[in-house]
Amino acid sequence: MAFLQWRRFNFFDKELVKDDNGQAFEKLKDINIAVCASGRGQIVVGDIEGTIFFLNRHLVLQAFSAYEIRVTHLFQLKQHNILVSIGEDEQGINPLIKVWNLDKVDKMGNPTCSKISRAIPSNNKPVPVSTLCVSETLNMMAVGFTDGSVVLIKGDVLRDRHTKSRTIHQESSKITGLAFRHSQKYVTLFIVSETNVLSVNLTAKDRQEKLDTHGCPPRCSVISDSTQDLQFVVARNEAVYFYQPDGRGPCLAFEGEKLLVQWYRGYLVVVSRENKTIPRTAPGPSAARNMNVVNVYDIQNKFIAYSSPVADVIDVLCEWGSLYVLTGDHKLFHLQEKDTQTKLEMLFKKNLYVMAISLAKSQHYDYDGLIEIFTQYGDHLYSKGDHDGAITQYIRTIGRLEPSYVIRKFLDAQRIHNLTAYLQELHKQALANEDHTTLLLNCYTKLKDNSKLDEFIMTKDKEVDFDVETAIKVCRQAGYYKHALFLAEKHSQHDWYLKIQLEDIQDCNKALTYIGKLDFEEAESNLKKYGKILMNEVPQETTDLLKLLCTDYKPSDKPLVDQVTMDGSLPPGILKANAEEFIHIFVNNSSRLTEFLEHMIKVQPSCSPLIYNTLLELYLQNLVHEEDTEKKADMGRRTLTLLQNTEAQYDIDQALVLCQMHNFKAGNLYLYEKAKLYQQIIRYHMENDDPEEYINIIDACKRFGQQDPSLWVQALSYFAGKEENCKPQIMEVLSHIDKKNLLPPLLVIQTLAHNSTATLSVVKDYIIRRLQQENDQINEDERLIKQYKEETEKMRNQIEELKSSAKIFQVSKCSVCNHPLDLPSVHFLCQHSYHQHCFEGYAENESECPACMPENRKVLDIIRAQEHSKDLHEQFHHQLERATDGFSVVADYFGRGVFNKVTLLTDPLPVKTKPSPVRVPVDTSVQRDMLMGQRSSPPDHSRKPYTEPSRQPVPSRQPPTSHYQPPANSSPSRQPVSSYSRPAVAEQIHQPAPTYGRQKVSEPKRQPLPSQNRPPPTGQNQAPVTTRSAAPPPSQSRVPQPSQSRAPPSNQKKYPVSSNPFDEPLPSNKPSSRKSSQDSDHRNPFTTGAGEPPNPFEENTNPFEENTNPFDSGSNPFESGGSNPFEDDEALDPNNPFHS
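Residues numbered from 1 in each chain as written. Predicted model: local features only at pLDDT ≥ 70, side-chain atom pairs only at ≥ 80, totals over all residues. Heavy atoms only, no water.

K.L.:
It is not clear to me how the overall build of the protein chain should be interpreted in this structure. Could you clarify?
P.N.:
Regarding its fold elements, the protein chain presents 31 helices and 34 strands. In the protein chain, buried positions account for 46% of the 1140 residues. Pairs at least 24 apart in sequence give 56% of the contacts found in the protein chain among residues at least 6 apart. When the accessible surface of the protein chain is split by element, carbon and sulfur atoms take 50% of a total near 59100 Å². (Helix = DSSP H or I, 4+ residues; strand = E, 2+ residues; numbered from the N terminus. Buried < 20%, exposed > 50% of the residue type's maximum accessible area, 1.4 Å probe, protein only. Contact = heavy atoms within 4.5 Å. Areas by Shrake-Rupley, 256 points an atom, 1.4 Å probe, with all protein chains shown as cover.)

K.L.:
When you look at the pairing of strand β15 (residues 175–182) in this model, what are you seeing that I'm missing?
P.N.:
Put simply, side chains in a regular strand alternate between the two faces of the sheet. The element β15 is largely enclosed, with a buried count of seven among its eight residues. Bridge count for β15 against strand β16 (residues 187–193) is seven bridges, and the pairing is antiparallel. Each bridged residue has a counterpart across the sheet, and for phenylalanine 180 the counterpart in β16 is leucine 189. Hairpin connection from β15 to β16: four residues lie between these consecutive antiparallel strands. (Pairing = 2+ DSSP bridges.)

K.L.:
Would you explain the packing of aromatic side chains in this entry?
P.N.:
The way to describe two aromatic rings as a pair is by their centre distance and the angle between their planes. For the structure on display, the rule yields 28 aromatic pairs. Relative to phenylalanine 232, the ring of phenylalanine 190 has its centre 4.9 Å away and its plane inclined at 5 degrees; by these criteria the two rings are stacked. You can see phenylalanine 190 sitting in strand β16 and its partner phenylalanine 232 sitting in strand β20 (residues 232–235), a full 42 residues away along the chain. Note on accessibility: phenylalanine 190 and phenylalanine 232 belong to one class, buried. Clustering of aromatic rings is evident, with ring pairs tying together Phe12, Tyr264, Tyr267 and Tyr306. Sitting over the face of the ring of tyrosine 67, lysine 98 holds its NZ or CZ atom 4.5 Å from the ring centroid. (Phe/Tyr/Trp six-rings, centres within 6.5 Å; stacked < 30°, edge-to-face > 60°. Lys NZ or Arg CZ within 6 Å of the ring centre and 35° of its normal.)

K.L.:
Could you clarify how one ought to interpret the sheet that holds strand β4 (residues 42–47) in this entry?
P.N.:
Strands belonging to one sheet form pairs held by backbone hydrogen bonds; the direction of such a pair is parallel or antiparallel. An order of β3-β4-β5-β6 is seen for the four strands of this open sheet, with the pairing classed as antiparallel. Only two strands of the sheet have a single neighbouring strand rather than two, namely β3 (33–39) and β6 (61–65). When the angles between neighbouring strand axes are averaged without regard to direction, this sheet yields 20 degrees. Across six bridges, β3 lies against β4 in antiparallel orientation. Bridged to glycine 39 within β4 is glutamine 42. (Axes fitted to C-alpha atoms, helices over the stretch in contact; angles between N-to-C directions.)

K.L.:
Please clarify how helix α13 (residues 520–537) should be interpreted in this entry.
P.N.:
Helical geometry: 3.6 residues make up each α-helical turn, so side chains three or four residues apart lie on a common side. Helix geometry: α13 is bent most strongly at tyrosine 530, by close to 65 degrees. Among the residues making up α13, those that are buried are Phe520, Ala523, Glu524, Asn526, Leu527, Tyr530, Gly531, Leu534 and Met535. If you follow the buried residues of α13, they end up packed against α11 (494–505), α12 (508–517), α14 (539–549) and α16 (590–603). (Bend = angle between axes of the 7 residues up to and from the residue.)

K.L.:
How do you make sense of the sheet that holds strand β2 (residues 12–16) when you look at a structure like this?
P.N.:
Taken together, the four strands give an open sheet; going across it, the order is β2-β29-β28-β27, and neighbouring strands pair in antiparallel fashion. Both outer strands of the open sheet, β2 and β27 (313–319), are each paired with one neighbouring strand and no more. On average, each strand axis in the sheet is inclined to that of its neighbour by 25 degrees, with strand direction left out of account. In the sheet, β27 pairs with strand β28 (residues 322–327) via six bridges, with the strands oriented antiparallel. When the sheet's bridge partners are listed, cysteine 318 is paired in β28 with leucine 323.

K.L.:
Quick question: what am I supposed to make of the pairing of strand β22 (residues 247–252) here?
P.N.:
Judged from the four bridges that link them, strand β21 (residues 240–244) and β22 form a sheet pairing that is antiparallel. Counted as the bridge partner of tyrosine 243 is arginine 248 from β22. With antiparallel pairing between neighbouring strands as the criterion, β21 and β22 make up a hairpin whose turn holds two residues.

K.L.:
Looking at this structure, I do not really get the side chain of aspartate 212. What am I missing?
P.N.:
Relative to the assigned elements, aspartate 212 resides in strand β18 (residues 207–212). Judged by its relative accessible area of 10%, aspartate 212 falls in the buried class. Ignoring sequence-local partners within four residues, the contact set of aspartate 212 consists of Thr195, Asn196, Val197, Arg236, Tyr243 and Arg248.

K.L.:
Could you clarify how one ought to interpret the pattern of salt bridges in this entry?
P.N.:
Per the counting criterion, the structure on display carries 27 salt bridges. Linking aspartate 212 and arginine 248 is a salt bridge whose minimum nitrogen-to-oxygen distance equals 3.6 Å. Of this pair, aspartate 212 sits in strand β18 while arginine 248 is found in strand β22, placing the two residues 36 residues apart along the sequence. The exposure class of arginine 248 is partly exposed, given its relative accessible area of 46%. The partner of lysine 529 in a salt bridge is aspartate 495, with the nearest N and O atoms 2.9 Å apart. Of this pair, lysine 529 sits in helix α13 while aspartate 495 sits in helix α11, and the two are 34 residues apart along the sequence. (Salt bridge = Lys/Arg side-chain N within 4 Å of Asp/Glu carboxyl O.)

K.L.:
I keep staring at the nonpolar core and nothing clicks. Help me out?
P.N.:
The nonpolar side chains of a soluble globular protein tend to be buried with one another. Phe12 and Phe719 are the most contacted members of the largest nonpolar core, which totals 154 residues. By residue number, the principal contributor to this core is helix α17 (residues 609–625), which donates eight residues. Not counting residues up to four positions away in its chain, the partners in contact with phenylalanine 719 are Tyr694, Ile697, Ile698, Cys726, Gln729, Ile730, Val733 and Asn755. Counting 27 residues, the second-largest nonpolar core is a separate cluster that includes Val192, Cys220, Leu252 and Trp263. (Core = buried A, V, L, I, M, F, W, Y, C linked by side-chain atoms within 4.5 Å.)

K.L.:
Any chance you could explain the environment of tyrosine 619 here in plain terms?
P.N.:
Here tyrosine 619 shows up in helix α17. Since its relative accessible area comes to 5%, tyrosine 619 is described here as buried. Sequence separation between tyrosine 619 and glycine 636 is 17 residues, and the spatial gap between their C-alpha atoms is 8.0 Å. Discounting residues that sit within four places of it in the chain, tyrosine 619 has contacts with Thr594, Glu598, Met635, Arg638, Thr639 and Leu642.

Here you go:
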């Protein structure tokens, strides 16, 4: 590009550097400057006297003497605080290279010199140095000489050791410039002389490549930065050239004699000579100064950022983020770059938006700022009428600029193609919404640009950049059904596809085929939605698809055996829909519905009841409306077959309603029989009121009479109400009633009395037979009553004997080991005796005879079963309904105590007179106690007439509370233990207690544990009697201990609580003798003083007699005269043979 075509701007502000006093900086005025450098925050100046000066940002000048004669070259590294200088310490040509470490200073504050070497070519001939370059890696240094040779020094720049130098280039012309270029793979050294430009690849064995045959003057070459790809810039008078390591690049035709080039932040600074001269104001050897021009070129954006004449430029320095120009009169000028926003505003004023965009990008302007520039540029082009250019700029704002801002500008029909381009780009960037898609498709349809529409929609491999559903809607509204179907099918918009096919195109076959290709869930939902339409148009195909969907569905476009199954994996589960959910689509096509339901119950017999109910209703409707006799009979057989199908799961109640509504006789009778509604079957036949139905009634009674005997009773009532001669039927019915004893004879007579045709001869045999049976039953009952009375009298005598006479044990052998008895031994009232060691090893408990225990357990189990069945009210009602003799069932449950009324008394009320017996609340397990009425006598030590307090409720199944503590010196002895209740707590009297046994035993016996067993059966009162030694003397008599339980009222005796549910002792009102001990039992003559089991036969009630006890003669030897023969003075006399 020609230089004259570049625009010129003033993007830099030039000002003279001043000190703190506002005066021009003149500290460099007296220095004879020979060379300059900059970097690391300071400007370095070398003079012709060997001194190096450092100028920092605060304009503080420091100096130290580096050479004795002069300084010729300076190189300041940018990344390290290292300064490399070349100068002379001796007269003649003897250049020295010195490396200064600016971070280390000596005592004088001067930098230390870390390395000194001679700068001499390989021929060892001293030659003046023309240029110097040091690598930023500190391992290479290149020195150019005036004789055309270049010496490369490799090694540590800071040290003399391990460095090697060699001449890598030699030519005849003077070397004017050197520069290192570092890339990822190679290190290149650019060499420029007065006649040549070449590159040396230092990594590839110093391979040289000649780039140009024209050189440049000294200081007219520089290396660019990364914005220009580190190109080597060479300035000649005619142009500026750019070189890559492998060849020459572009050139810029900047004319004029070039004196100096410098690179600064993407700018190329060129100092050229101007032909004008100005007179020198200060006195000096010359009367005029040369005028130079400083140009700052923006290479990337192709404009001149600054241009200004400056008199006699010595050097241009880049430091502290700015440019500094050192002039011949030793003044320092500062070129300050303006900020980016100011530059852009200057460009906007001139409408240079393209240049502004380029400048903003090169300055790394933020993206929002670029969008603003694009928007202003687009608005500018739109205002000028360049709509194509404007839309191009607006497209670049997509993502930040609101699309509606652009769309409003291009809604005019003449600009619709621009709007289409903008909307297309909006969709490509996936930033379009539904409205944008609608607008774009409308643009296509208005332009009738089918090719664009096809490109936008029907490209199969194209990535979706629009809202598919909106595109389908627009195409459908515009009549582009083909495009809409393509989009719907491609993007699985099944609902839209079916809508277009069925509502717009009305191609039901394609719609049905499409549904058959869908997955199970989609196919099921769409068939539910569009099933009615498809059934009306293509009923057979729709029915076939439904059969497949409801049995084992697989999409039609997929193989029957997929790859997973072929690989040996388990096949996927069967997918099938619920058939009842599709019944509604057959609303106008009952024949297809029948076909569908028949298929379903054939393939899946376990279908839901709704399927069977619907099919049954269809059969019955067809049966009613069918006029052909043969077809009607066939339909009836099919219907009955469906009902008789054992796997059919129809609702029997609904089926009955349907059969009754359609008057399907066979179905009604079958369903009545299946539901066990035998009464309905009889009633159905009776309602017809046809003599031919008599046979059906009798047959029905015969078939179902076993299940429901009342059918015969109903038949008898039916025939008895007929005025026709039904004698054969009545006699047959009576025979069955008599056989099963269904009705009492009186009811039979009353029933037949209403029939005028039924004579006495019809029921004569029946009545005679029934009377004979009743007479036999009465005789049998009288025999049993007599037998029971005799057995009761016998038992009463046994009890009386036990009460009035002593029981002598004469058993000589043990009932376990069958060896002769020896002491100690255990005796039971059931005439079984045992060795004590045999009894303890064989018996399960100490209160029950081991030999009698199995029989006792059987009786207890029977009682327990009766107690359990007492609460089974449902079972009672069921037996009562089914029993032929209801009175016997009621009597049986009455005997079990079902009808006993229990009254609960919470507080006992003592009275002075003998009260009537009061029932107490008992547990269900104490039925035996309730029947037998056990009692016990409370003690009375005052010999006053005893008045029985009101009976208290006796809690059942509670653990006993022992109040007895044996004396310290008392010897333990075996006490008799009741087989019905735990031993009562008794007070010991001061007289020795009598014991009964065959002989005395001096060996002490241990106290047996309380019994946990249930009572033996009635009539076998068993209490173990253990022979024992003499009772302890009166001084060692036992004294009752106070109870820890709740104290009873003062006028009542607290009785022990039994844990046996069959032996709840009740308080007694019988007076005790004058010398009776506490709780001594008056009912058993074999008491040993520790309590006696209650007498199960001592109660005023008997299950066999009402309000009387056959075993109670009204007198009791223990109660006569208010005394007990075993408790008076004579009975307790020591001379008594029964007293030990």
